[in-house]
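Structural description and commentary
Listed below are the residues making up each chain.
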Amino acid sequence: LFASESGVSMSERLARVNHFLHERTGGEKYATLFSCTVDAAGRLVYVNAGHCAPLWLRASGEIAALLPTAMPVGLMETAEYPEDAIVLAPGDKIVIYSDGITEAMNAQGAFFGLKRLKETVRAWAVGSASELHRGLMDAVAAFTTGAIQNDDATLVVLEYQP
């Protein structure tokens, strides 16, 4: 859907997705999503439609959140999906995750949580994107050992290398 609409802005594509979903569900179902593009110069343009705020791990070790720019898709018949942008430096990483990561529960019913997520990101910051991904997934698995999970856990780690 997205790739076939060259020349259409990300904002417009998400407005179309919103309309499509709302038309079929009458606003009774919705989806959060994070959509982004990265160019060769490191400019990351994104729309965060009510999704968990991805973490921008700078090569310096600083962590910032890419906060929502819009409401989830499907809630209202028409909605705007404004874009935001950041400029990545070589070695910067973006950690995109679903709430199944932060809401993963241990046997005592405690959540993995955003604080633990950030601590794990910091612990694996110097590794590659794949090492950071594996470190995060291993940390969630170790935390939840023996507990049945009620949600999917999705994790993507991107690293900018010009």
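In the block above lies the structure referred to throughout.
Reading the values: rules and limits
- In this convention, every chain numbers its residues from 1, walking through the sequence in written order.
- Side-chain atom pairs in this predicted model are given and counted only at pLDDT of 80 or more, local residue features only at pLDDT of at least 70, and totals for whole chains, interfaces and linings cover all residues.
- Water and hydrogen atoms were dropped before computing side-chain values, which therefore reflect all heavy atoms in the structure.
- The aromatic pairing rule takes the rings of Phe, Tyr and Trp, using the six-membered ring of Trp, and pairs them if the centres are within 6.5 Å, calling planes under 30 degrees apart stacked, those over 60 edge-to-face and the rest tilted.
- Strands here are runs of E lasting at least two residues and helices are runs of H or I lasting at least four, both read from the DSSP assignment and numbered beginning at the N terminus.
- Under the scheme applied here, a residue whose accessible area is under 20% of the maximum for its type counts as buried, over 50% as exposed, and between as partly exposed, the area being computed with a 1.4 Å probe on protein chains only.
- Note on geometry: a ring has a charge over it if NZ (lysine) or CZ (arginine) is within 6 Å of the ring centre and within 35 degrees of the ring normal.
- Two strands pair under a simple rule: DSSP has to find at least two bridges between them.
- Where helices are involved, their axes are fitted lines through C-alpha atoms of the stretch in contact, as for all axes, and angles between N-to-C directions lie from 0 to 180°.
- Residues enter patches when their relative accessible area tops 30% and they take part in no salt bridge; the joining distance is 9 Å for like charges and 5 Å for the nonpolar side chains Val, Leu, Ile, Met, Phe, Trp and Tyr.
- Note that accessible areas follow from Shrake-Rupley with a 1.4 Å probe, and for residues the cover is restricted to the protein chains shown.
- Take a side-chain nitrogen of Lys or Arg and a carboxyl oxygen of Asp or Glu: if they are within 4 Å of each other, that pair is a salt bridge.
- Each nonpolar core is a collection of buried residues, namely Ala, Val, Leu, Ile, Met, Phe, Trp, Tyr and Cys, held together in the definition by side-chain atoms within 4.5 Å.
- Contact criterion: two residues are considered in contact whenever any of their non-hydrogen atoms come within 4.5 Å of each other.

So, on to the packing of aromatic side chains. The geometry of two aromatic rings is summed up by the distance between their centres and the angle between their planes. The full count for this structure, using the stated rule, is two aromatic pairs. Their ring planes at 75° and their centres at 5.5 Å tell us that Phe 112 and Phe 143 sit as a pair that is edge-to-face. A residue pair is termed long-range when its members are at least 10 positions apart, and Phe 112 in the loop between α2 (99–102) and α3 (113–123) and Phe 143 in helix α4 (residues 129–144) qualify at 31 residues. We classify Phe 143 as buried; its relative accessible area is 15%. The positively charged end of Arg 58 is found above the aromatic ring belonging to Trp 56, 3.8 Å away from the centroid. The ring of Phe 112 carries the charged tip of Arg 116 above its face, separated from the ring centre by 5.8 Å.

Turning our attention to the sheet that holds strand β1 (residues 33–38). Taken in spatial order, the three strands line up as β1-β2-β5 in an open sheet, and their pairing is antiparallel. Among the strands making up the open sheet, the edge pair consists of β1 and β5 (84–87). In this sheet, adjacent strand axes meet at a mean angle of 25° when their direction is disregarded. Note: strand β2 (residues 43–49) against β5, four bridges, orientation antiparallel. The residue bridging Arg 43 from the neighbouring strand is Val 87, located in β5.

Moving on, we come to a nonpolar patch on the surface. Taken together, the side chains of Tyr 30, Met 71, Leu 75 and Met 76 define a hydrophobic patch exposed on the protein surface, amounting to about 360 Å² of accessible area. By the element assignment, Tyr 30 lies in the loop between α1 (10–25) and β1.

A few words on the nonpolar core. Core analysis: the biggest nonpolar cluster contains 17 residues, and Val 95, Leu 117 and Val 121 have the highest contact counts within it. For this core, the leading source of residues is α4, giving five residues. Counting residues in hydrophobic clusters, the runner-up holds eleven residues, among them Met 10, Val 17, Val 45 and Ala 49.

Turning to the sheet that holds strand β7 (residues 155–159), a few remarks are in order. Taking strand neighbours across the sheet as the criterion, the four strands line up as β4-β3-β6-β7 in an open arrangement whose pairing is antiparallel. With one partner strand each, in any of the chains shown, β4 (63–65) and β7 form the two edges of the open sheet. Neighbour-to-neighbour, the strand axes of this sheet turn through a mean angle of 20°, independent of strand direction. Relative to strand β6 (residues 93–97), strand β3 (residues 55–57) is paired through three bridges, and the arrangement is antiparallel. The residue bridging Leu 57 from the neighbouring strand is Lys 93, located in β6. Running over the sheet, α3 touches β3, β4 and β6 and is turned about 20° from β3. The strands that α4 touches are β3, β6 and β7; relative to β7, the one it contacts most, it runs at about 155°.

None of the figures reported here should be taken as evidence of function without further support.
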